[in-house]
Amino acid sequence: MNSPRTIVENNGAVVILDQTRLPQETAFVPLKTLADAAHAIRVMQVRGAPLIGATAAYGVALGLAEGLALEVILKTLAATRPTAVNLNWALERMARVLQESAQAADANERRALAWQEARAIAREDEAANAAIGQHGLTLLAEIASRKGRVEVMTHCNAGWLATVAHGTALAPIYAAQVAGLAVHVWVSETRPRNQGLLTAWELGQAGVPHTFMVDNAAGLLMMQGRVDCVIVGADRIAANGDTANKIGTYLKALAAKAHGVPFYVAAPLSTIDFACPDGTHIPIEERAAAEVGVGSMAFANPAFDVTPANLIAGIITERGIVSADQLASVKP
Ligand code: MRU
């Protein structure tokens, strides 16, 4: 199954789709330097945990091509956004490969190695998400076989825009469409950044039936029996299955539990932080007042929340669907 790609290489630069201009405008932006890559992550020209990781990996390659020291590059990229663990995962992987080659390789070889590893990270994300789609499809197919159609609710944007390709939460939906299932998606607005508009744009481009809704409508729709399952993405999954995702995810999980609606998290293994014991250790990004639209009054704008593992029916990974207490079984 083909998917559009969010990040591609072009003549020693990296080209991204600028998500701050979507859905009004489809604009591609070249990243030529480490500063470009760090800026793109910070201002959310690229966003979504897997895509942040891939962009950071390419940022390392761009920084080395400028002749910058690896320590400076890693520090600059690590400081961009705190919650999505894919960022640290990608930086650690790049650092490991480059440090291992430090004795044997000269500067040019190390630069080539950085491009090669960033490319591998991007390709692996694409493959992992395609596999997530196939595993998640089994859940949707089971519902469709009972009900004739499937109503899925999602939150934020965890589609191809948030990854290198395919998406995570939306991958099973695209797979269901290819399989000919009658699928409809409830797309949550996702205040304050409105990533739901990105999801609606993606689904619209692919011809997947969907309905845009305000965040606060989720509980009512579930109470009315209009939602068969919820599938969301993740920014960091702790070893015990507690899951950080876009603010508002937790409320959907609570409503889903109250109404017997299965709540699934779809994420590649690069989003699981096995070194993080539980959700209380996940750093939560606080963002600016301007996003909430307030001036001088006191405000809170946490960008993510943590859904406890006991509210999650299953975690859909590239290695299959596991319950939170089975996470260790998919550890690489
Ligand atoms: O602040 P964002 O837009 O980067 O947050 C994105 C999310 O919370 C996504 O749901 C998550 O990264 C999963 S993306 C496949």
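Above: the structure in question.
Rules behind the numbers
Residues numbered from 1 in each chain as written. Predicted model: local features only at pLDDT ≥ 70, side-chain atom pairs only at ≥ 80, totals over all residues. Heavy atoms only, no water. Core = buried A, V, L, I, M, F, W, Y, C linked by side-chain atoms within 4.5 Å. Buried < 20%, exposed > 50% of the residue type's maximum accessible area, 1.4 Å probe, protein only. Helix = DSSP H or I, 4+ residues; strand = E, 2+ residues; numbered from the N terminus. Contact = heavy atoms within 4.5 Å. Pairing = 2+ DSSP bridges. Axes fitted to C-alpha atoms, helices over the stretch in contact; angles between N-to-C directions. Right-handed = clockwise from strand over helix to strand, strands pointing away. Near = heavy atom within 4 Å. Polar contact = N/O pair within 3.5 Å; in protein donor to acceptor, adjacent residues only side chain to side chain. Areas by Shrake-Rupley, 256 points an atom, 1.4 Å probe, with all protein chains shown as cover. 1 Å grid on protein atoms, 1.4 Å probe; cavity = no way out; pocket = protein on both sides within 12 Å on 5 of 7 lines; lining within 4 Å. Sits in = over half its atoms within 2 Å of the grid points. Points joined across faces, edges and corners; volume = space filled by probe spheres on them. Nonpolar A, V, L, I, M, F, W, Y, C, P; charged D, E, K, R; others polar. Left-handed = near helix turned anticlockwise from the far one by under 90°.

Caption draft 1: Summary view of the nonpolar core. Formed by 39 residues in total, the largest nonpolar core has its most connected members in Val-60 and Leu-77. Elements supplying a minimum of two residues to this core: β2 (13-17), β3 (28-31), α1 (34-42), α2 (49-65), α3 (70-78), α4 (85-100) and α5 (107-147). With 11 residues, α2 is the largest single contributor of residues to this core. Residues contacting Val-60, with those up to four places away along its chain left out, are Leu-70, Ile-73, Leu-74, Leu-77, Leu-91, Met-94 and Leu-98. If you look at the next biggest cluster of nonpolar residues, it comprises 32 residues, including Leu-139, Trp-160, Leu-170 and Ile-231.

Caption draft 2: Spotlight on the sheet that holds strand β13 (residues 314-317). One open sheet holds the seven strands; their spatial order is β6-β5-β4-β7-β10-β13-β14, and the pairing between them is mixed. Of all the strands in the sheet, just β6 (210-213) and β14 (320-322) have a single pairing partner and so form its edges. This sheet shows a mean twist of 25° between the axes of neighbouring strands, independent of strand direction. In terms of strand pairing, strand β4 (residues 150-154) meets strand β5 (residues 183-188) through five bridges, oriented parallel. Bridge pairing in β5 links Val-150 to Val-183. Along the sheet, α5 contacts β4, β7 (229-232), β10 (263-266), β13 and β14; its crossing angle with β13, the most-contacted strand, is approximately 135°.

Caption draft 3: Quick look at the pairing of β4. Burial runs high along β4: five of the five residues are buried. A crossover links β4 with its parallel partner β5, the connecting element being helix α6 (residues 171-178), and its sense is right-handed. In the sheet, β4 pairs with β7 via two bridges, with the strands oriented parallel. Bridging across to β7, Met-153 finds its partner in Val-230.

Caption draft 4: Looking closely at the site of the ligand. Looking at the ligand, there are 19 residues lining it, with Arg-47, Arg-81, Asp-235, Asn-245 and Lys-246 nearest. Contact between the ligand and Gln-195: an oxygen atom at 2.8 Å from a side-chain N or O atom of the residue. At 2.7 Å from an oxygen atom of the ligand is found a side-chain nitrogen or oxygen belonging to Asp-235. In isolation the ligand has 410 Å² of accessible area, and contact with the protein removes 100% of it. More than half of the atoms belonging to the ligand lie within 2 Å of the grid points that define the largest cavity. Those elements that provide at least two residues to the shell around the ligand are α2 and β9 (243-246).

Caption draft 5: Up close: the sheet that holds strand β11 (residues 272-273). Reading across the sheet, the four strands line up as β11-β8-β9-β12 and stay open at both edges, with mixed pairing between neighbours. In this open sheet, the two strands that pair with only one neighbour each are β11 and β12 (304-307). Sheet topology note: the strand β8 (residues 236-238)/β9 ladder contains two bridges and is antiparallel. Each residue of the ladder has a partner; that of Arg-236, found in β9, is Ala-244. With respect to the sheet, helix α9 (residues 249-258) is in contact with β9 and β12, its orientation differing from that of β12 by roughly 30°.

Caption draft 6: Examining the layout of surface pockets more closely. By volume, the largest pocket amounts to about 540 Å³. In terms of lining, the largest pocket is formed by 26 residues, of which the most central are Trp-89, Leu-269, Ser-270, Ile-272 and Pro-332. Secondary structure elements with two or more residues in the lining of the largest pocket: α2, α4, α5 and β11. The element contributing the most residues to the lining of the largest pocket is α4, with seven residues. A per-class count over the lining of the largest pocket returns 12 nonpolar, four polar and 10 charged. Forming the boundary of the second largest pocket are 16 residues, of which Asp-215, Asn-216, Ile-247, Gly-248 and Leu-251 lie nearest the centre. With three residues, α9 is the single largest residue contributor to the lining of the second largest pocket. Looking at side-chain class alone, the lining of the second largest pocket contains eight nonpolar, five polar and three charged residues.

Caption draft 7: The packing of α2 against α4, seen in detail. Remark: α2 packs on α4, axes separated minimally by 7 Å, with the N-to-C direction vectors making an angle of 35°. Two packed elements cross with a definite hand, and for α2 against α4 that hand is right-handed. Contacts between α2 and α4 involve Ala-49, Pro-50, Ile-52, Gly-53, Ala-56, Ala-57, Val-60 and Leu-64 from the former and Asn-86, Leu-87, Ala-90, Leu-91, Met-94 and Leu-98 from the latter. Among the residues making up the contact of α2 with α4, the classes are represented as 12 nonpolar, two polar and no charged.

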